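The residues making up each chain are set out below.
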Amino acid sequence: MSLFRLDASIRVEGSQSRALGDLVEAEWTSAHPGAEVVRRHVGTEPIPATAWGTAVGAAYTPEPDRSSEQVEAVELARAEVDRLADADALLFAVPLYNYGVSQHFKTWVDLVITDRRMASGVTPITAGKPAVLATVQGGSYAAGTPREGWNHATSWMRRILEDVWELDLRVVSREFTLVGVNPAMDRFTDAAAELRTKAEAEAREHGRSLSRRHAEAA
Ligand SMILES: Cc1cc2nc3c(=O)[nH]c(=O)nc-3n(C[C@H](O)[C@H](O)[C@H](O)COP(=O)(O)O)c2cc1C
């Protein structure tokens with residue numbers, strides 16, 4: 001049994017997305033003691049920004065004519081997809097940055113899709129695997145808030161993970177992680193505490209459901 005875990009936070013200390021992901025992982029690990037967890041820290045060990053374009057170029061170049069950079073980019077994509085193929089369950093912990101998706105997560109997704117096992121038109125290697133997306137936002141984008149609709153990350157991540165990669169996905173989201181960090185947000189302290197408690201409970205539940213959903217799919 002193996003869990004693939006990707007973290008996209010650019011920090012390690014104090015990372016709230018990692019903390020939420022840890023709750024999911026702990027449930028999986030307690031159901032599968034000693035099971036392997038394969039980790040990708042794309043926020044701190046990013047895929048080179050040029051890899052995707054190079055891998056796309058390789059697809060249009062006959063194999064014998066590929067440059068060493070193209071061969072390397074194709075190999076990089078293959079290694080990433082091998083990890084997904086080998087995983088029984090998947091966990092993605094990804095923060096909101098600048099109202100959009102983490103560039104490191106996007107770069108990784110783009111590279112993965114260059115591999116023929118994940119390309120459009122085929123059933124992806126990830127189809128039907130249980131997965132959790134744990135995402136955090138510094139502010140709030142709830143209905144009726146001034147920035148409703150400004151979170152452009154979660155819907156895109158859902159689209160890729162759930163619809164394109166056909167994962168059996170659960171999403172847990174924790175807003176207001178900047179409350180307690182940014183004094184201008186102090187008036188949201190109670191609301192933030194409530195959202196945190198709710199998200200943590202949901203993360204645990206989604207973590208437990210990974211094993212359940214994996215057993216059901218087998
Ligand atoms: C460069 C940068 C940009 C950010 N942009 C946003 C943003 O657009 N909206 C938001 O709600 N929070 C934003 N945040 C706050 C993060 O989403 C929040 O701090 C989150 O907890 C970061 O994830 P981490 O705790 O796992 O590191 C930003 C943080 C950083 C460092």
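What you see is a predicted model; the values in this text were computed from it and never measured. (Residues numbered from 1 in each chain as written. Predicted model: local features only at pLDDT ≥ 70, side-chain atom pairs only at ≥ 80, totals over all residues. Heavy atoms only, no water.)

J.: How should I be thinking about the overall build of the chain in this particular structure?
T.: What the chain contains, in helices and strands, is six helices and five strands. Secondary structure elements in the chain, listed N-terminal to C-terminal, are β-α-β-α-α-β-α-β-α-β-α. Here the C-alpha radius of gyration of the chain, 18 Å, is about what a compact globule of 218 residues would show, namely 17 Å. Referenced to the eigenvectors of the C-alpha coordinate spread, the extents of the chain come out at roughly 60 × 40 × 30 Å. The burial tally for the chain puts 45% of its 218 residues in the buried class. Of all intrachain contacts in the chain linking residues separated by at least 6 positions in sequence, the fraction that spans at least 24 positions is 79%. In the form shown here, the chain has an accessible surface area of approximately 11000 Å², with 51% of it arising from carbon and sulfur atoms. Across the chain, the mean location of the 24 positive side-chain charges is 3 Å away from that of the 31 negative side-chain charges. (Helix = DSSP H or I, 4+ residues; strand = E, 2+ residues; numbered from the N terminus. Rg over C-alpha atoms; globule rule 2.2 N^0.38 Å. Buried < 20%, exposed > 50% of the residue type's maximum accessible area, 1.4 Å probe, protein only. Contact = heavy atoms within 4.5 Å. Areas by Shrake-Rupley, 256 points an atom, 1.4 Å probe, with all protein chains shown as cover. Lys, Arg positive; Asp, Glu negative; His and termini not counted. Charge placed at Lys NZ, Arg CZ, Asp CG, Glu CD.)

J.: Is there a simple way to explain the sheet that holds strand β5 (residues 168–174) in this structure?
T.: Sheets are built from strands paired through backbone hydrogen bonds, the pairs being either parallel or antiparallel. The strand order across the open sheet built from five strands is β2-β1-β3-β4-β5, with neighbouring strands paired in parallel fashion. Every other strand in the sheet has two partners, leaving β2 (36–41) and β5 as the edge strands with one partner each. Direction aside, the axes of adjacent strands within the sheet are offset by 15° on average. Summarising the sheet, strand β3 (residues 89–95) and strand β4 (residues 130–136) pair through six bridges and their orientation is parallel. Residue pairing across strands places Pro 95 opposite Val 136, the latter belonging to β4. Against the sheet, helix α1 (residues 16–31) engages β1 (2–7), β2, β3, β4 and β5, with an angle of about 175° to β1. Along the sheet, helix α6 (residues 189–217) makes contact with β1, β3, β4 and β5, crossing β5 at roughly 165°. (Pairing = 2+ DSSP bridges. Axes fitted to C-alpha atoms, helices over the stretch in contact; angles between N-to-C directions.)

J.: Any chance you could explain the environment of Ala 87 here in plain terms?
T.: Position of Ala 87 relative to the elements: it lies in the loop between α3 (68–86) and β3. Sequence separation of Ala 87 and Arg 66 is 21 residues, and the distance between their C-alpha atoms is 30 Å. Setting aside its immediate chain neighbours within four residues, Ala 87 contacts Ser 2, Phe 4 and Lys 129.

J.: I would appreciate a short explanation of the pairing of β5 in the present structure.
T.: Every regular strand shows the same layout, with side chains that alternate between the two sheet faces. Taken together, the seven bridges between β4 and β5 define a ladder with parallel strand orientation. The partner of Ala 131 across the bridge, within β5, is Leu 169. Note on the crossover from β4 through helix α5 (residues 154–164) to β5: the handedness is right-handed. (Right-handed = clockwise from strand over helix to strand, strands pointing away.)

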